[in-house]
Amino acid sequence: MVTAALSEEPTYAYFLGCTGAAVAIIFTTLGASYGTAVSGVGIAKMAVNRPDMIMKAIIPVVMAGIIAIYGLVVSVLIAGSIGDEYTMEDSYVHLGAGLSVGLPGLTAGVAIGIAGDAGVRGTAEQPRLFVGMVLILIFAEVLALYGLIVAIYLYTKL
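What counts, and where the lines are drawn
Residues numbered from 1 in each chain as written. Predicted model: local features only at pLDDT ≥ 70, side-chain atom pairs only at ≥ 80, totals over all residues. Heavy atoms only, no water. UniProt positions renumbered as here; feature names shortened; annotations may be inferred. Helix = DSSP H or I, 4+ residues; strand = E, 2+ residues; numbered from the N terminus. Expected span 1.5 Å × (residues − 1). Buried < 20%, exposed > 50% of the residue type's maximum accessible area, 1.4 Å probe, protein only. Core = buried A, V, L, I, M, F, W, Y, C linked by side-chain atoms within 4.5 Å. Contact = heavy atoms within 4.5 Å. Axes fitted to C-alpha atoms, helices over the stretch in contact; angles between N-to-C directions. Parallel < 35°, antiparallel > 145°, perpendicular 65-115°, else oblique. Nonpolar A, V, L, I, M, F, W, Y, C, P; charged D, E, K, R; others polar. Polar contact = N/O pair within 3.5 Å; in protein donor to acceptor, adjacent residues only side chain to side chain.

## Quick word on the UniProt feature "domain: V-ATPase proteolipid subunit C-like" (unreviewed entry) in the protein chain
Point 1. The positions UniProt marks with the feature "domain: V-ATPase proteolipid subunit C-like" (unreviewed entry) are residues 20-78 and 95-154.
Point 2. As annotated, residues 20-78 comprises 92% helix and 0% strand, and the C-alpha atoms at either end are separated by 7 Å.
Point 3. The annotated region residues 95-154 carries 93% helix and 0% strand content, and the separation between its end C-alpha atoms amounts to 10 Å.

See the structure below:
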């Protein structure tokens, strides 16, 4: 058990570090769930007329789910490093790392949801749009990946 009384650091150092871990997982899962829900609506609409394309249309859902994994990785790293020797410097870096992966994950999930919904509906009408849809989804996903890279870089600076 971590006890703040043993340390000279303020007790809110643990709060800031735990907030960084929470922000990482909360915002990335919000983005992933939004992307899954919105693109899932498009898949359901598309599947009425083109049930043969359901497996191709699942790509936005998979890409949205990957965003939550980014947040999970950073959250577990942060939570695993909170201990008796936890400093204010650590807590600020961990809060920054959580925000660095969480907020881009949220925005990437929104982008994947909107682009995925329009993409699967458009692909149902014109199958040649599939490659373009995948490229757009990759560019939306890479936004979350940038956040993960920055979060890991911050985490390793301690």
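Having seen the structure, we can now continue with the description.
## Quick notes on helix H3 (residues 59-81)
Point 1. Helix length check: H3 (23 residues) gives 34 Å between terminal C-alpha atoms against 33 Å at 1.5 Å per residue, within 8%.
Point 2. Pro60, Met63, Ala64, Ile67, Ala68, Tyr70, Gly71, Val74, Ser75 and Ile78 are the residues of H3 that are buried.

## A short note on the nonpolar core
Point 1. Formed by 33 residues in total, the largest nonpolar core has its most connected members in Met46, Val74, Ile78, Val101, Ile112, Met133 and Leu137.
Point 2. Secondary structure elements with two or more residues in this core: helix H1 (12-49), H3, helix H4 (88-125) and helix H5 (130-156).
Point 3. Excluding residues that lie within four positions of it along the chain, Ile78 makes contacts with Gly17, Gly20, Ala21, His94, Ala97, Gly98 and Tyr155.

## Focus: the UniProt feature "transmembrane region" (unreviewed entry) in the protein chain
Point 1. Residues annotated in UniProt with the feature "transmembrane region" (unreviewed entry) correspond here to residues 12-36, 57-80, 92-117 and 129-155.
Point 2. End-to-end, the C-alpha atoms of residues 92-117 are 37 Å apart, and along that stretch the chain is 100% helix and 0% strand.

## What about the packing of H3 against H5?
Point 1. For the pair H3 and H5, the least separation of the axes is 10 Å and the interaxial angle reads 5°. Looking at the two axes, H3 sits roughly parallel to H5. Here Ile59, Pro60, Met63, Ala64, Ile66, Ile67, Tyr70, Val74, Leu77, Ile78 and Ser81 of H3 lie close against H5, whose contacting residues are Phe130, Val134, Leu137, Ile138, Glu141, Ala144, Leu145, Leu148, Ala151 and Tyr155.
Point 2. Of the residues assigned to the contact of H3 with H5, the class counts are 19 nonpolar, one polar and one charged.

## Brief notes about the side chain of His94
Point 1. Tracing the chain through its elements places His94 in helix H4.
Point 2. Of the polar contacts made by the side chain of His94, one reaches the side chain of Tyr86; its length is 2.7 Å.
Point 3. Here His94 is in contact with Gly17, Gly20, Ile78, Ser81, Tyr86, Tyr155 and Leu158, once residues within four sequence places are set aside.

## A word on the environment of Arg128
Point 1. The residue Arg128 is located in the loop between H4 and H5 in this model.
Point 2. On the accessibility criterion, Arg128 (72% relative accessible area) is exposed.
Point 3. Through-space distance from the C-alpha of Arg128 to that of Lys45 is 19 Å; in sequence the pair is 83 residues apart.

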